[in-house]
Amino acid sequence: MRSHYCTDLNEENVGQDVVLTGWANNHRDHGGIIFIDLRDKTGLIQLTCDPEDSAESHKVANGVRDEYVLIVKGKVRLRGEGLTNTKLKTGAIEIIVTELIVENKSAPVPFVIGDPNVGEDVRLKYRYLELRDPAMYETFRLRSKAAIAARNILDANGFLEVETPILTKSTPEGARDYLVPSRVHSGEFYALPQSPQLFKQLLMVGGFDRYFQIAKCFRDEDLRADRQPEFTQIDVEMSFCNQEDVIKVAEDLLEAMFKACNINVQAPFNRITYNDAMEFYGSDKPDLRYDLKMVDVIDIFERCDNEIFTNIAKKPHVNRIKALKVPGADLIFSKREMKGFEDFVRQFGAHGLGYFQMKEDGLKGPLIKFFSEEDIALLVERLGMQVGDVVFFGAGDKKTVWDYMGRLRIFLAEHEKMSILDRDAFEFVWVVDFPMFEVEDGRVKALHHPFTQPKDTDKDDVEEIESIAYDIVLNGTELGGGSIRIHKEDVQNEVFKLLGIEEEEAQEKFGFLLDALKFGAPPHGGFALGFDRMMMLISKKASIRDVIAFPKTQKASCVLTKAPSSVDNTQLRDLHIRLREQVK
């Protein structure tokens, strides 16, 4: 039916007879000659329906409306001098229509295709209409190219694609599982996988050596711009490897995927330890497109005459006093705006936010009176302050200070008055040497997951135990991560013990893995990359919803299909489920 896509045509096709198909993007009657912009997945081209060329086609064109499905026969010609539309790829040519077929009509559409100002609920309700926008098609073309590149590079490196189960066992250690009731086994449930973690480890025990999968995963968690209840990750596992081997594969994979999207990134990528990431940037996913490092000044504040600061400084093991120098901020922000920065950090646990300004005649600020001239000079030297700079100070327990000062760093870098953020850059960094455990409300938890290989477990403070784990971060977004896994049963049992998981509970939840480790499990490790997040960054979209064909809303619902929805009593009875009556 079709000889060309719309934007396949150019001046070289002038004089050719063509057949095009697509949708009427708009319709204009200019005193007898009717113009229609025909749209397909590639873009637009102008159709000219002149009664002198074809009276019948002109008659049909008169009845065409937006989003009618059209089949067009005609001849390519130049638009003529002064009539070129520079906004269109095909703006120098048009199609003189000799035959026009309305293949299907359209009801009036709820929004204009390509209109960026349409509300999200409307766009998602009519997602199939939004997908007609060639810009949307381009996003998913890139996604497809990246996925094909991933498969090709991993296949070339000896990885085997294996599909792991979707209906599996609930192991609620991380986010909440999505549960699926069993009809056959009354009162029992499957879980949708949060990741293929355990199965890919079992594939290594099975001798598959190198595995990958572009896997659907599911997590019942609160949603943000970079989260969805169902998402896609590129999952990789390999045997007889160390951290360097895994990172090399991940970097080769990322280079290939970005190249498929016409973006050149250069490995090896930068690396930073978890501890340095927190100390310098207040985040385990630092954005390195700009500098703004935090500087430790707790030793200088220990000598000041302010009791609040000196008391904090006496406990450097658990507390921090951090300085964040912002070049030129005194020339950009008013005192009122800087007061607003204090309000910003208070919502993240800060009790206040001090600052100094570097003036022509030296360092100024309400805190300056508490410091000796020698320590003022030391502050200026350590922070490398120049006239016009402002330095902000945060003090308190280290985790709180890391958090709010790290957030302030991002807030300032992204502020409309600042110009330090290169939004076209792609800055990768590996964060390595993560702690194995964290303690929350007195409970020990695995920072990554309980199958991560610890460097050692012989530490009095469990939070000081490091793991062989690594995250890959892009522009301040965690793109993925992984670890070398535990492959010996005794080490796995010791980790479970530190997590407070007793032997009986471990057997109930992970018995199949523990049993497998008894049968000669090889050393192994791997990683997973968030495919949706990656495409969001590559496409410069604000949300991963823009790179998923049929996403959920922030309330985890599909306004297109109206899912989730109620089911009839027969289905519930088959599943041995009775709903509690809602209290009105």
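Refer to the structure printed above.
Residues numbered from 1 in each chain as written. Predicted model: local features only at pLDDT ≥ 70, side-chain atom pairs only at ≥ 80, totals over all residues. Heavy atoms only, no water.

What to know about the overall build of the protein
Assigned secondary structure in the protein consists of 17 helices and 22 strands. Dimensions of the protein, computed from C-alpha atoms along their principal axes, come out at roughly 90 × 75 × 60 Å. Looking at the protein residue by residue over its 584 residues, the buried ones come to 48%. Nonlocal contacts in the protein, meaning residues at least 24 apart in sequence, comprise 68% of its contacts between residues at least 6 apart. (Helix = DSSP H or I, 4+ residues; strand = E, 2+ residues; numbered from the N terminus. Buried < 20%, exposed > 50% of the residue type's maximum accessible area, 1.4 Å probe, protein only. Contact = heavy atoms within 4.5 Å.)

Overview of the sheet that holds strand β5 (residues 93–104)
In space, the 5 strands of this closed barrel follow the order β1-β2-β3-β5-β4, with mixed pairing throughout. Shown here is a sheet whose adjacent strand axes are inclined to one another by a mean of 55°, direction ignored. With 7 bridges connecting them, strand β2 (residues 33–40) and strand β3 (residues 43–49) associate as antiparallel partners. Directly across from Phe 35, in β3, lies its bridge partner Thr 48. Against the sheet, helix α1 (residues 55–62) makes contact with β1 (17–30), β2, β3 and β5, and its axis sits at roughly 65° relative to β5, the strand it touches most. (Pairing = 2+ DSSP bridges. Axes fitted to C-alpha atoms, helices over the stretch in contact; angles between N-to-C directions.)

Looking at the packing of aromatic side chains
The final tally for this structure, using the stated rule, is 20 aromatic pairs. Taking 6.4 Å as the distance between ring centres and 80° as the angle between the ring planes, the aromatic pair formed by Tyr 126 and Tyr 128 counts as edge-to-face. Taken together, a centroid distance of 4.4 Å and an interplanar angle of 10° make the contact between Phe 269 and Phe 428 stacked. On the criterion of sequence distance, the pair formed by Phe 269 in the loop between α6 (243–260) and β11 (270–273) and Phe 428 in strand β17 (residues 428–432) is long-range, its members being 159 residues apart. Judged by relative accessible area, Phe 269 falls into the buried class, the value being 8%. (Phe/Tyr/Trp six-rings, centres within 6.5 Å; stacked < 30°, edge-to-face > 60°.)

With respect to the nonpolar core
Counting 45 residues, the largest nonpolar core has Ile 234, Leu 254, Phe 258, Phe 428 and Phe 527 as its most contacted members. For this core, the element with the most residues is α6, which contributes 8 residues. In terms of nonpolar packing, the next biggest core, distinct from the first, is built from 35 residues, Val 390, Tyr 404, Ala 413 and Leu 421 among them. (Core = buried A, V, L, I, M, F, W, Y, C linked by side-chain atoms within 4.5 Å.)

What about the side chain of Gln 213?
Take Gln 213: it is sitting in strand β9 (residues 210–218). Of note is the side chain of Gln 213, whose polar atom sits 3.4 Å from the backbone oxygen of Val 162. A distance of 2.9 Å separates the side chain of Gln 213 from the side chain of Thr 164, its partner in a polar contact. For Gln 213, the residues in contact, after removing those within four places along its chain, are Val 162, Glu 163, Thr 164, Pro 196, Gln 233, Ile 234 and Asp 235. (Polar contact = N/O pair within 3.5 Å; in protein donor to acceptor, adjacent residues only side chain to side chain.)

What about the sheet that holds strand β14 (residues 354–359)?
The sheet built from 5 strands is open, its strands ordered β12-β13-β16-β14-β15 with antiparallel pairing. The open sheet has two free edges, formed respectively by β12 (294–296) and β15 (362–364), since each of these has just one partner strand. Ignoring which end each strand starts from, the neighbouring axes of this sheet average 30° apart. Where β12 meets strand β13 (residues 319–326), 3 bridges bridge the pair, whose relative direction is antiparallel. Looking at β13, one finds that Val 295 is bridged to Ala 323. Against the sheet, helix α12 (residues 373–383) makes contact with β12, β13, β14, β15 and β16 (390–397), and its axis sits at roughly 140° relative to β12, the strand it touches most. Against the sheet, helix α13 (residues 398–413) touches β12, β13 and β16, its axis set at about 155° to β16.

Here we look at the pattern of salt bridges
Scanning the entire structure with this criterion turns up 39 salt bridges. Arg 141 is paired through a salt bridge with Glu 138; the nearest N and O atoms lie 2.8 Å apart. Linking Arg 141 with Glu 138, this pair stays in helix α4 (residues 134–156), spanning 3 residues, or about one helical turn. For the salt bridge of Lys 417 with Glu 337, the shortest nitrogen-to-oxygen distance reads 2.9 Å. Of the two residues, Lys 417 sits in the loop between α13 and β17 while Glu 337 sits in helix α11 (residues 335–346), which places them 80 residues apart along the sequence. (Salt bridge = Lys/Arg side-chain N within 4 Å of Asp/Glu carboxyl O.)

Some words on the packing of α6 against helix α16 (residues 531–538)
Running from amino to carboxyl end, α6 crosses α16 at an angle of 45°, the nearest separation of the two axes being 12 Å. Taken as axis vectors, α6 and α16 run oblique relative to one another. α16 is crossed by α6, and the crossing has right-handed handedness. Touching Leu 254, Met 257 and Phe 258 of α6 are Phe 531, Met 534 and Ile 538, all from α16. (Parallel < 35°, antiparallel > 145°, perpendicular 65-115°, else oblique. Left-handed = near helix turned anticlockwise from the far one by under 90°.)

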